[in-house]
Amino acid sequence: VPAGMEIKIKMKIVETIAEVRAQVKEWRAQGLSVGLVPTMGYLHEGHKSLIDRAVAENDKVVVSVFVNPMQFGPTEDLASYPRDLEHDAKLCEEHGVDLIFHPTPEEMYGDQFYSYVDMDVLTKELCGLSRPVHFRGVCTVVTKLFNIVTPDRAYFGQKDAQQLAVIKRMVKDLNMPLTITGCPIIREADGLAKSSRNTYLSIEERAAALVLRRSIFLGKEMVEKGERDCKKILAAMTAEIEKEPLAKIDYVKIVDLDTMQQVEKIDRGILAAIAVYIGKTRLIDNFIA
Ligand code: AMP
């Protein structure tokens, strides 16, 4: 047996729902707990932090790797979204993952599909405005993954803060029997939030992308120093981004952490969130306070 093979034998990669169900059934019969980390692959340290947390808190961990067509709009980057299953499998193996679920779109949606999980209010703000079908796709695929894997716990990154709020709300509203854990944003050494989409950036754009981090850190500092007027904070954050010629603002907003509705004063838990195009690449960042 060549070196490395043993680890490979420990971690399975499956493409079918039936195989996932069979494996989870076996684990359940042994009384083992199951954690799920849903991803679109091209895994980086952000994903890794979710995986490490899941491995620490569960007997068995499933990572799903699925670039979900339903959450992409018609003009978005579905076709060009980066993929590298071999790299993902290696990272998962090394971090103690037990099973990768890597379905095809056909396996997930067949040739007829008519059922969706949709959400009001929280999805009508921030990314929901520029990406009108996005959260319906996210809620539907995450519900399917929960029904397929039946995890005790699932892990999502604060990097996608609105997604985390939406998933928490969906689980609460629809009485889904699992715990959702949010994990902190993991950043590059220079502060850019890690994202699979960072690979789209040219060298020049990569430098320009630091404007997101500057805007976020500036807003955070203002709040920490006691500023409570959202208008002032947003004006400073916006001005910072506008200094960068390659940046085009999609939104800069402060919203209630639970409802995602805009607030004027920081008198409760808030999310300050930005979405900025750097060239053609849309990047997001945020802080909570
Ligand atoms: P994705 O593959 O981009 O759909 O992300 C899968 C999961 O990883 C989501 O819950 C993301 O919020 C999370 N994630 C992605 N990037 C980061 C990051 N830089 N820090 C923390 N979590 C992240």
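Residues numbered from 1 in each chain as written. Predicted model: local features only at pLDDT ≥ 70, side-chain atom pairs only at ≥ 80, totals over all residues. Heavy atoms only, no water.

A closer look at the site of the ligand
In the neighbourhood of the ligand, 17 residues make up the surrounding shell, with His47, Gly157, Asp160, Ile186 and Lys194 lying closest. Separating a nitrogen atom of the ligand from a backbone N or O atom of Lys194 is a distance of 2.9 Å. Protein coverage of the free-state accessible area of the ligand, which is 480 Å², stands at 93%. At three residues, the largest contribution of residues to the shell around the ligand is made by helix H3 (residues 45-57). Partitioning the shell around the ligand into residue classes produces eight nonpolar, six polar and three charged. (Near = heavy atom within 4 Å. Polar contact = N/O pair within 3.5 Å; in protein donor to acceptor, adjacent residues only side chain to side chain. Areas by Shrake-Rupley, 256 points an atom, 1.4 Å probe, with all protein chains shown as cover. Helix = DSSP H or I, 4+ residues; strand = E, 2+ residues; numbered from the N terminus. Nonpolar A, V, L, I, M, F, W, Y, C, P; charged D, E, K, R; others polar.)

Quick notes on the pattern of salt bridges
Counted by the stated rule, this structure contains 19 salt bridges. For Asp98, the salt bridge identified is with Lys60, shortest N-O distance 3.7 Å. Note that Asp98 is positioned in the loop between helix H4 (85-94) and strand E4 (99-101) and Lys60 in strand E3 (residues 60-65), a separation of 38 residues in sequence. Here Asp98 falls in the buried class, since its relative accessible area comes to 18%. Overlapping salt bridges bring together Arg214, Glu240 and Lys243 as one network. (Salt bridge = Lys/Arg side-chain N within 4 Å of Asp/Glu carboxyl O. Buried < 20%, exposed > 50% of the residue type's maximum accessible area, 1.4 Å probe, protein only.)

Digging into the confidence of the model for the protein
Regions with low pLDDT carry predicted coordinates that are not meant to be interpreted in detail. Residue-level pLDDT values for the protein average 96, and 97% of them are 70 or greater. Taken element by element, the predicted model of the protein shows its lowest mean pLDDT in helix H1 (residues 5-10) (58) and its highest in strand E5 (residues 153-157) (99). (pLDDT = per-residue confidence, 0-100.)

Quick notes on the packing of helix H10 (residues 210-224) against helix H11 (residues 230-242)
Running from amino to carboxyl end, H10 crosses H11 at an angle of 155°, the nearest separation of the two axes being 9 Å. Judged by the inter-axis angle, H10 sits roughly antiparallel to H11. The two elements H10 and H11 meet at a crossing, and its hand is right-handed. Only Lys232, Ile233, Ala236, Met237, Glu240 and Ile241 of H11 make contact with H10, whose side of the interface consists of Val211, Arg214, Ser215, Ile216, Leu218, Gly219, Met222 and Val223. Looking at the contact of H10 with H11 residue by residue, the classes come out as nine nonpolar, two polar and three charged. (Axes fitted to C-alpha atoms, helices over the stretch in contact; angles between N-to-C directions. Parallel < 35°, antiparallel > 145°, perpendicular 65-115°, else oblique. Left-handed = near helix turned anticlockwise from the far one by under 90°. Contact = heavy atoms within 4.5 Å.)

Focus: the sheet that holds strand E9 (residues 281-288)
Spatially, three strands are ordered E7-E8-E9 in an open sheet, and the strand pairing comes out antiparallel. If you trace the sheet from one side to the other, it starts and ends with strand E7 (247-256) and E9, each paired once. Averaged over all adjacent pairs, the angle separating strand axes in this sheet is 15°, with direction ignored. Strand direction decides the pairing type here: strand E8 (residues 270-278) and E9, joined by eight bridges, are antiparallel. Looking at the pairing, Ile278 lines up with Thr281 of E9. (Pairing = 2+ DSSP bridges.)

Some details on the packing of helix H2 (residues 17-29) against helix H7 (residues 134-149)
With their axes 8 Å apart at the nearest point, H2 and H7 run at an angle of 45° to one another. As summarised for this structure, H2 and H7 are arranged oblique, according to the angle between their axes. Of the residues in H7, those in contact with Ile17, Val20, Arg21 and Val24 of H2 are Asn147, Ile148 and Val149. In the contact of H2 with H7, the residues fall into five nonpolar, one polar and one charged.

A look at H11
With 13 residues, H11 extends 18 Å from end C-alpha to end C-alpha; this agrees with the ideal 18 Å at 1.5 Å per step. Of all the positions in H11, only Cys230, Ile233, Leu234, Met237, Glu240 and Ile241 are classed as buried. Buried residues along H11 cover an arc of 125° about the axis, so they all sit on one side. Along H11, the residues that are exposed and aim more than 90 degrees away from the buried face are Lys231 and Glu242. The inward-facing, buried residues of H11 abut H10, E7, E8 and E9. Where H11 begins, the capping side chain belongs to Asp229, and its oxygen is found 3.0 Å from the backbone nitrogen of Lys231. (Expected span 1.5 Å × (residues − 1). Arc of directions from axis to C-beta.)

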